[in-house]
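Report on the structure
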Amino acid sequence: MAFMVKHMVGGQLKNLTGGLTEEKPEGEKTEAAAQGMTQEEFEQYQQQLEEEKQEREANFAQKKAERATVRSHFREKYRLPKNELDETQIQQAGDDVELPTELAKMIAEDNQEEEHKQSVLGHLTNIQNVDMDQLKDKAQATLEDLKKQTENCSLM
């Protein structure tokens, strides 16, 4: 409806003014004018969009590198072959990628458990029919006997 009114009245108004003012056809408006902004505002808006896009891409690259770090950690732990893609993702992030804190805590706990299992007491707990309390008491009694014997020794 507005188009029809403008078309009918606009042509007559041009004739009355003698065509002194030249209007740009609607297809020739700049992007800034089309969005209702000045050229400076539009440039600032475009710059802000570009900065936000770069920030999102940087965050995404960081997350990808963190995931690659986790995968490479598990590959090392279980002695699996390395993946070149993961290494390049870590390098692209600037090598400042660390394991997430929760995962690092879990890994530390796993390492402590593995160390305990690899120790002598850890192996003894795996053997069936071994009473650990009795074994500890016997070891302490033996140490006390040795201390008493060394006290009585004239050379020491």
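The structure under discussion appears in the preceding block.
So, here is what we can say about the structure in this document. (Residues numbered from 1 in each chain as written. Predicted model: local features only at pLDDT ≥ 70, side-chain atom pairs only at ≥ 80, totals over all residues. Heavy atoms only, no water.)

Points about the side chain of Gln89
- Position of Gln89 relative to the elements: it lies in helix 4 (residues 84-92).
- With near-sequence residues (within four places) excluded, Gln89 lies in contact with Lys64, Ala65, Ala68 and Arg71. (Helix = DSSP H or I, 4+ residues; strand = E, 2+ residues; numbered from the N terminus. Contact = heavy atoms within 4.5 Å.)

A look at helix 3 (residues 39-77)
- Across its 39 residues, helix 3 extends 57 Å between first and last C-alpha, which sits within 8% of the 57 Å expected from 1.5 Å per residue.
- Within helix 3 the residues assigned to the buried category are Phe42, Ala65, Ala68, Thr69, His73 and Arg75.
- Packing partners of the buried residues in helix 3 comprise helix 2 (31-34), helix 4 and helix 5 (101-118).
- One or two residues past the end of helix 3 sits Arg79, with phi positive at roughly 55°. (Expected span 1.5 Å × (residues − 1). Buried < 20%, exposed > 50% of the residue type's maximum accessible area, 1.4 Å probe, protein only.)

Some points on the packing of helix 3 against helix 5
- Contact geometry of helix 3 with helix 5 gives a least axis separation of 12 Å together with a crossing angle of 10°. In terms of orientation, helix 3 and helix 5 fall into the roughly parallel class. For the pair helix 3 and helix 5, contact is made by Val70, His73, Phe74 and Lys77 and by Leu103, Ile107, Asp110 and Glu114, respectively.
- Its residues assigned to classes, the contact of helix 3 with helix 5 shows four nonpolar, one polar and three charged. (Axes fitted to C-alpha atoms, helices over the stretch in contact; angles between N-to-C directions. Parallel < 35°, antiparallel > 145°, perpendicular 65-115°, else oblique. Nonpolar A, V, L, I, M, F, W, Y, C, P; charged D, E, K, R; others polar.)

Re a nonpolar patch on the surface
- On the surface, Phe74, Tyr78 and Leu80 cluster together into a nonpolar patch covering about 310 Å² of accessible area.
- Position of Phe74 among the secondary structure elements: in helix 3. (Patch = residues over 30% accessible without salt bridge, like charges linked within 9 Å, V, L, I, M, F, W, Y side chains within 5 Å. Areas by Shrake-Rupley, 256 points an atom, 1.4 Å probe, with all protein chains shown as cover. Salt bridge = Lys/Arg side-chain N within 4 Å of Asp/Glu carboxyl O.)

That is the geometry; function is a separate question.
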